[in-house]
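Understanding the architecture of this molecule
Below, each chain spelled out in residue letters.
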Amino acid sequence: MATVVISNLEKSYAETKGPGVKVVHGINLEIRDREFMVLVGPSGCGKSTTLRMIAGLEEITGGTIAIDGVVVNNVLPKDRDIAMVFQNYALYPHMSVYENMAFGLKLRKFPKAEIDARVREASAMLGLDPYLDRKPKALSGGQRQRVAVGRAIVRKPKVFLFDEPLSNLDAKMRVSTRTEISKLHARLGATMIYVTHDQVEAMTMGDRICVMKDGRIMQVDAPLDLYNRPENMFVAGFIGSPPMNFFKGRLQRSATPGLLEFVETNSAGAPVRITLDAALSAKGAGHVDREVVFGIRPEDVQDTLGLERPDPAHTIEVKVEVSEPMGAETFLYLGTGATSFIARVRPTDRFEVGQAVKVTLKIGAAHLFDAATEQVLK
Ligand SMILES: Nc1ncnc2c1ncn2[C@@H]1O[C@H](COP(=O)(O)OP(=O)(O)OP(=O)(O)O)[C@@H](O)[C@H]1O
Ligand SMILES: [Mg+2]
């Protein structure tokens, strides 16, 4: 059993003069027993600071952190029953792989036989058996990171904390190590909190994802819920690659009774007009004649070549700015005159730069946001 409950957590870093700078602004987050929780967000949003407060490496300015119901604010790191894996591995260079993994248990005066059993179990789990006698400098980055993970596993902690453990690895190694950590989570059944700024890592590894920005939580949800139901423009733009397209404009009543129309703000010429469906019109009802942002993901923008009968209410004419063939699909960078946006289309659909094309928006997958608050309309 290990739950971690973060309540009104605040952090200010003390300055030499004047009041401290607040970098975590009263966050609330409950990590469930055996959950893999990912903290994700841009550089400087407070992910590491939050993780370090959970580990006890950073003093808590306000609020509480409770592990299994016990507030640990004043508990020393070594007594929190937590193991942390860092980006830079932090291995002891003069010790062998075996000694690196055994060291923490030795310090805690575990019996030799117990240490040996635990190191061998972790080593087998991580495929480190052939390297036990080597020094870290004779290992690849991925192998070193596995030793760092092994060192955490042998402790059998209540909670594992990871701070960007894969960011020093090359792309291929990242993917395989990512899978290994996910498997390890399933196998150990442990509570894990994992920090990354990579939204792909977050999406593929997390049971739930906590999206942070500027020391605040923007949304906590399961990966696909974040993707399909973002609460605000920040989450909508951060999760997904290429990101969600945004069009600025206003809502007005359409010619069809009961339906609203989105009219793009377009200084360059005729604005793009999109008739909303009933569901989106209902969400926008309180925002008629107000500034809104229309959001749609690249895969929900279709070029009309493959469509039998493109729906004219949701079809707009735009210009091709760039075409990027990716192999399995092509990213089309398009422009309305006011807005640049991206469509993911079939690789067989070829376009010239500057060509006018018609694209149809899957209106059922679109989102509306309040332009001022950036919150989704629902
Ligand atoms: N020791 C410190 N003293 C003063 N400010 C700090 C200190 N450590 C971090 N900060 C500031 O706190 C904020 C949050 O930093 P933090 O390291 O938690 O960000 P992060 O989300 O982990 O970013 P990254 O993705 O770059 O690792 C940043 O603005 C950073 O400059
Ligand atoms: Mg960090």
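Preceding block: the structure.
As a starting point, this report considers the structure included with it. Model, not experiment: these values are computed from the prediction.

Quick notes on the overall build of the chain
Across its full length, the chain carries 9 helices and 20 strands. Structurally, the chain occupies a C-alpha span of about 80 × 50 × 40 Å along its principal axes. Residues counted as buried form 36% of the 378 residues belonging to the chain. Pairs at least 24 residues apart make up 64% of the contacts formed inside the chain by residues separated by at least 6 positions.

Some thoughts on the pairing of strand 10 (residues 216-221)
With 5 bridges connecting them, strand 9 (residues 208-213) and strand 10 associate as antiparallel partners. The residue bridging Met212 from the neighbouring strand is Ile217, located in strand 10. Hairpin connection between strand 9 and strand 10: a loop of 2 residues separates the two successive antiparallel strands, and Asp214 in this loop has a positive phi of roughly 50 degrees.

Quick look at the site of ligand 1
All residues in the neighbourhood of ligand 1 are listed as Tyr13, Val23, Gly41, Ser43, Gly44, Cys45, Gly46, Lys47, Ser48, Thr49 and His197. Of the residues forming the shell around ligand 1, the biggest block, 3 residues, is contributed by helix 1 (residues 47-55). Residue classes in the shell around ligand 1 are distributed as 3 nonpolar, 7 polar and 1 charged.

Topic: the sheet that holds strand 11 (residues 245-253)
Here we have 5 strands laid out as an open sheet, ordered 13-12-11-14-20, and antiparallel in their pairing. Of all the strands in the sheet, just strand 13 (273-275) and strand 20 (367-370) have a single pairing partner and so form its edges. Averaged over neighbouring strand pairs, the angle between their axes works out to 40 degrees when direction is ignored. Note that strand 11 and strand 12 (residues 260-264) share 5 bridges and pair antiparallel. Each residue of the ladder has a partner; that of Gly249, found in strand 12, is Glu264.

Section: the nonpolar core
Counting residues in each nonpolar core, the largest one holds 95 residues, and the members touching the most others are Val38, Leu161, Ile193, Cys210, Val211 and Phe294. Residue contributions to this core reach at least three from each of two domains, namely domain 1 (4-238) and domain 2 (245-370). Not counting the four nearest positions on each side in its chain, Phe294 is found in contact with Phe247, Gly249, Phe262, Ile274, Ala366 and Leu368.

Topic: the packing of helix 2 (residues 97-107) against helix 4 (residues 141-153)
Where helix 2 meets helix 4, the closest approach of the two axes is 8 Å, and the angle between their N-to-C directions is 30 degrees. What the angle tells us is that helix 2 and helix 4 run roughly parallel. The hand of the helix 2/helix 4 crossing is right-handed. Contact residues: Val97, Asn100, Met101 and Gly104 in helix 2; Val147, Gly150 and Arg151 in helix 4. For the contact of helix 2 with helix 4, a count of residues per class yields 3 nonpolar, 3 polar and 1 charged.

With respect to the sheet that holds strand 19 (residues 356-361)
Either a parallel or an antiparallel arrangement is found when strands of a sheet pair, and the pairing is made through backbone hydrogen bonds. Ordered in space as 15-19-16-17-18, the 5 strands form an open sheet in which the pairing is antiparallel. This sheet does not close on itself; its edge strands, each paired only once, are strand 15 (301-303) and strand 18 (340-345). On average, each strand axis in the sheet is tilted by 50 degrees relative to the strand beside it, whichever way the strands run. Pairing analysis gives 5 bridges linking strand 16 (residues 315-325) to strand 19, with the strands arranged antiparallel. Residue Ile316 lies in a different strand from strand 19, and its bridge partner there is Val359.

Conventions adopted
- Residues numbered from 1 in each chain as written.
- Chains lettered and ligands numbered in written order.
- Predicted model: local features only at pLDDT ≥ 70, side-chain atom pairs only at ≥ 80, totals over all residues.
- Helix = DSSP H or I, 4+ residues; strand = E, 2+ residues; numbered from the N terminus.
- Buried ≥ 20, exposed ≤ 12 C-beta atoms within 10 Å, placed from the backbone.
- Contact = placed C-beta atoms within 7 Å.
- Pairing = 2+ DSSP bridges.
- Near = placed C-beta within 6 Å.
- Nonpolar A, V, L, I, M, F, W, Y, C, P; charged D, E, K, R; others polar.
- Axes fitted to C-alpha atoms, helices over the stretch in contact; angles between N-to-C directions.
- Core = buried A, V, L, I, M, F, W, Y, C linked by C-beta atoms within 7 Å.
- Domains from an automatic or database assignment.
- Parallel < 35°, antiparallel > 145°, perpendicular 65-115°, else oblique.
- Left-handed = near helix turned anticlockwise from the far one by under 90°.

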